[in-house]
Amino acid sequence: MNWDKAFIVTDSVLSRDAARTNLNGRRLVIVSNRLPFNVDVEDGRVVFHASAGGLVTGLASFRESREQTSALPAEHLWVGWPGSVEASLQDEVVREALARFQSYPVFLTEEQMEHFYLGFCNATIWPLFHYFPSYTVYQKTFWEQYKQINQLFADALESVLRPDDVVWVHDYHLMLLPRFLKALRPQLSIGFFLHIPFPSFEVFRLLPGEWRRDILEGLLGADLVGFHTYEYTHHFLQSVLRILGYEYQMSQVLAADHIVKVDTFPMGIDVDKFAGATANDETEREIRQLKSTLTGLKLILSVDRLDYSKGISNRLEGYELFLESNPEYHGKVALLMVVVPSRIGVVQYELMKRQIEELVGKINGRFGRVGWTPVVYQYRHVPFNSLAALYAVSDVCLVTPLRDGMNLVAKEYVATRGDGAGVLILSEMAGAAKELPEAIIINPNDRAEIATALKEALEMPPMEQQKRHRLMQRRLRRYNVTRWANDFLTTLLAVREVQKRVESKLLSPAAWREIVARYRSSRRRLFFLDYDGTLTPLVRHPGLAGPDPARRELLRSLAADRKNTVVIASGRGRQTLEEWLGDLPLGLVAEHGAWLRFGDRVWRRAKPLSNEWKRHLLPILEIYADRMAGAFVEEKEDSVAWHYRMADPEQAGLCAPELIDHLLNLSAKTDLQVVQGNKVVEIRHTGLNKGAAALSWLTDDEYDFILGIGDDATDEDFFKALPASAYSIRVGMTPTHAQYNIRQSGEVIDLLRAFASLSDAKAKESQ
Ligand code: ADQ
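My aim in this report is to walk through the structure given alongside it, one point at a time. (Residues numbered from 1 in each chain as written. Predicted model: local features only at pLDDT ≥ 70, side-chain atom pairs only at ≥ 80, totals over all residues. Heavy atoms only, no water.)

Some details on helix H4 (residues 90–101)
Here H4 spans 15 Å end to end across 12 residues, near enough to the 16 Å set by a 1.5 Å rise per residue. Inspection of H4 places Val 93, Val 94, Ala 97 and Phe 101 among the buried residues, and these make up the whole buried set. End-on view of H4: buried residues confined to an arc of 100°, all on one side of the axis. Every exposed residue of H4 that faces more than 90 degrees away from the buried side is listed here: Asp 91, Arg 95 and Ala 99. After H4 finishes, the residue Gln 102 shows a positive phi value of roughly 45°. (Helix = DSSP H or I, 4+ residues; strand = E, 2+ residues; numbered from the N terminus. Expected span 1.5 Å × (residues − 1). Buried < 20%, exposed > 50% of the residue type's maximum accessible area, 1.4 Å probe, protein only. Arc of directions from axis to C-beta.)

Laid out in structure tokens, this is it:
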């Protein structure tokens with residue numbers, strides 16, 4: 001995030017209304033790679049340079065608002081890197097930054113910045129997310145440094161965070177941070193906003209497996225993840241589904257441990273500031289000066305950071321073609337090209353600078369003459385008033401990124417033109433194009449399109465210019481940067497409310513203790529446990545889910561306690577259960593209750609059944625499996641299953657409902673039922689389910705402790721069948737008939753270990 005965004009965020013978020021309405025007095029902690037000021041040492045003294053007025057202006061308005069109102073707005077803290085600072089001066093910088101700027105610096109060495117900032121951030125993520133895979137560097141040392149720096153930010157934050165802080169993390173430098181923070185403080189409200197595009201799955205997947213999974217999981221540590229456009233939001237959700245397998249509904253993802261909202265917040269600008277800029281004396285002076293030096297020329301403006309994603313060379317080529325095809329404009333038009341230095345040290349940027357300068361030289365050499373320079377090129381940062389003056393005098397603003405998360409220059413130009421004059425030419429690859437369709441929209445890869453658009457813009461009638469500007473300005477005014485920040489923070493707090501409702505069923509430490517205490521004091525206990533997803537995490541192929549020695553030992557020791565009856569209730573066939581668990585003193589339920597094995601270890605059918613139906617339905621299931629790579633059919637004795645965990649999740653999302661529909665039609669008026677489980681569609685006999693199976697163990701009421709645990713829709717049957725005095729737990733944060741939710745199967749194992757340790761202790765005592 002550069003200074004401009006830093007400014008925008010402070011200015012809007014800390015404005016009186018935004019702060020008060022959104023946060024109800026809670027402190028806002030903004031985290032970004034860079035702090036909006038730099039630290040220098042001058043004559044042995046530490047000097048803070050606000051990044052071209054960004055933080056200074058933002059904080060000045062914030063302080064002013066505090067003085068004018070008795071109701072204090074929310075406090076804030078800004079956490080980020082302040083630039084390189086010698087170790088001996090760091091304590092002083094921390095003190096000053098906290099006292100004067102409400103900022104908390106995170107110090108990084110030059111070497112760390114090299115691999116983290118120039119490396120993973122700007123040589124890996126930036127090119128890949130902007131669809132430049134050939135520029136993308138996949139270097140393990142960069143990735144390792146990225147993880148370390150994100151952890152370093154988390155550690156730094158831990159020392160300053162308060163329990164009820166609202167944390168807003170910004171941009172691609174810190175995509176792992178939300179997860180690290182969540183692990184440290186599960187109760188924090190954490191928002192994340194990505195300022196660059198989130199690429200389509202096919203591009204994102206180019207990242208090595210561990211990196212792409214960690215990045216998605218990292219982002220999902222937040223409670224709210226925001227993007228500029230609907231496309232980026234959709235791309236992210238697609239990657240989450242395809243890579244992590246987390247489903248989403250209404251833009252909410254059920255991640256491993258909490259609900260995450262993923263939504264679109266197109267970042268706005270401070271419209272009033274730009275609209276009012278031309279009334280400022282200094283800007284007016286600059287406007288006069290520009291007009292007098294460039295008199296008689298139509299002006300085309302180009303303003304960007306130096307970046308290959310901004311399409312600066314394409315723009316120059318388009319302009320060159322325009323001059324070539326429209327000689328009548330020679331001497332009557334000039335392209336003002338202002339490029340801000342950026343990411344000095346990354347090789348592509350150095351190359352690009354040279355390429356741009358060569359192109360500018362070529363165009364000026366080819367078309368220029370005494371008294372007319374076709375391209376006026378400046379490689380520097382310009383202060384706000386000069387920028388506003390450039391916007392105000394330009395007849396055309398030419399914005400041609402090859403990819404851009406949003407592009408604020410386009411919005412700033414429109415907002416500055418209160419006079420309604422001027423034409424915006426905008427690339428369809430910029431996020432801003434969604435909100436500014438009245439601009440002349442071009443494809444930046446087609447220089448002929450740029451050339452034609454330039455002519456159209458220069459000749460557009462003033463009335464038409466005004467009409468388009470008014471429409472765009474109205475939109476920018478409605479969703480300005482304050483609305484954007486407000487909207488994000490309000491949504492973030494609302495997500496926490498939804499989570500709280502779901503989490504109220506989470507097995508709390510107190511409930512955990514109560515269950516363990518009841519276990520300890522009881523005389524006859526029944527455990528009714530699902531297998532896949534409950535005792536083991538779900539795996540890609542059902543054949544790979546066999547119990548490891550530790551799990552087998554745990555079940556053995558639980559079942560060894562004479563007070564305990566342990567039943568494993570599974571949808572699997574009895575051969576598999578026999579193979580994996582048959583030697584243990586367990587009760588077993590196979591095929592969701594079609595087969596039962598009691599203490600005598602003899603398998604019995606729950607009721608006599610005819611399986612004639614399989615002959616008809618199996619071929620249909622096979623056809624559906626053939627059509628969808630990764631799906632397969634499992635034939636069991638009394639049921640069949642169509643598994644699709646390994647299939648393309650989006651194709652499966654369409655195909656599974658179709659199959660279910662087909663099967664429901666065929667099975668109507670039979671004693672078969674079609675049941676959707678976790679990535680599986682099953683056909684089985686009606687009346688046979690885990691609930692009915694559970695009742696077979698509950699023939700008398702000798703048990704004074706009953707615990708049922710499952711993770712799947714099919715386990716709901718036994719949650720409903722168990723008596724009211726039983727404890728029941730569903731793994732995963734899904735709505736359930738069970739009494740409690742538990743986040744992951746690992747916690748089930750912990751709970752069972754707690755019981756087993758009591759049994760062991762008892763066994764030892766009685767020895
Ligand atoms: P950037 O890539 O930096 O931002 P952009 O949105 O255009 O791109 O913002 C640039 C800012 O810098 C603007 O506010 C502009 O006024 C300013 N600027 C540009 N040239 C300047 C110059 N020569 N002198 C002074 N100021 C100059 C990233 C993403 C974008 C996304 C923003 C915000 O790449 O897609 O719009 O974040 O989320």
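A few points about the pattern of salt bridges
Under the criterion given, the structure shown has 48 salt bridges. A salt bridge links Asp 272 to Arg 477, with the nearest nitrogen and oxygen atoms 2.8 Å apart. Highlighted residues: Asp 272 in helix H11 (residues 271–277) and Arg 477 in helix H18 (residues 462–478), separated in sequence by 205 residues. Look at Arg 477 and you get partly exposed, because its relative accessible area is 43%. The partner of Glu 682 in a salt bridge is Lys 636, with the nearest N and O atoms 3.1 Å apart. Of this pair, Glu 682 sits in strand E26 (residues 680–685) while Lys 636 sits in the loop between strand E23 (632–635) and strand E24 (640–643), and the two are 46 residues apart along the sequence. For Lys 636, a relative accessible area of 7% corresponds to the buried category. (Salt bridge = Lys/Arg side-chain N within 4 Å of Asp/Glu carboxyl O.)

Focus: empty space enclosed by the protein
Applying the stated criterion to the full structure yields 3 cavities of 30 Å³ or more. Within this model, the largest cavity holds a volume of roughly 400 Å³. Taken together, 27 residues line the largest cavity, and the ones lying closest to its centre are Asp 532, His 643, Asn 678, Val 680 and Asp 712. Secondary-structure elements contributing two or more residues to the lining of the largest cavity are E23, E24 and E26. Split into classes, the residues belonging to the lining of the largest cavity amount to 8 nonpolar, 7 polar and 12 charged. (1 Å grid on protein atoms, 1.4 Å probe; cavity = no way out; pocket = protein on both sides within 12 Å on 5 of 7 lines; lining within 4 Å. Points joined across faces, edges and corners; volume = space filled by probe spheres on them. Nonpolar A, V, L, I, M, F, W, Y, C, P; charged D, E, K, R; others polar.)

Description of the site of the ligand
Taken together, the neighbourhood of the ligand is formed by 26 residues, with His 195, Asp 404, Met 406, Asn 407 and Glu 412 sitting nearest. With respect to the ligand, the side chain of His 195 contributes an N or O atom lying 2.6 Å from an oxygen atom. In the model, a nitrogen atom of the ligand is placed 2.9 Å from a nitrogen or oxygen of the Val 382 main chain. Compared with its free state, where it exposes 710 Å², the ligand has 97% of that area covered by protein. Within the residue set of the shell around the ligand, elements represented by two or more residues are helix H1 (3–13), strand E12 (298–305), strand E13 (333–340), helix H15 (384–393) and helix H16 (408–416). Considered class by class, the residues forming the shell around the ligand number 12 nonpolar, 6 polar and 8 charged. (Near = heavy atom within 4 Å. Polar contact = N/O pair within 3.5 Å; in protein donor to acceptor, adjacent residues only side chain to side chain. Areas by Shrake-Rupley, 256 points an atom, 1.4 Å probe, with all protein chains shown as cover.)

Considerations on the environment of Gly 677
Looking at the secondary structure, you find Gly 677 in strand E25 (residues 672–677). You can call Gly 677 buried: its relative accessible area is 13%.

Brief notes about unusual backbone geometry
Note on backbone geometry: most residues besides glycine have negative phi, and most peptide bonds are trans. We note that Tyr 131 has phi near 65°; this positive angle belongs to a residue other than glycine. With respect to the helices, strands and loops of the structure, Tyr 131 is situated in the loop between helix H5 (110–129) and helix H6 (140–160). On the basis of relative accessible area, Tyr 131 is assigned to the partly exposed category, the value being 25%. For Asp 171, which is not glycine, the phi dihedral falls at a positive 75°. Position of Asp 171 among the secondary structure elements: in the loop between strand E6 (166–170) and helix H7 (177–184). Judged by its relative accessible area of 1%, Asp 171 is buried.

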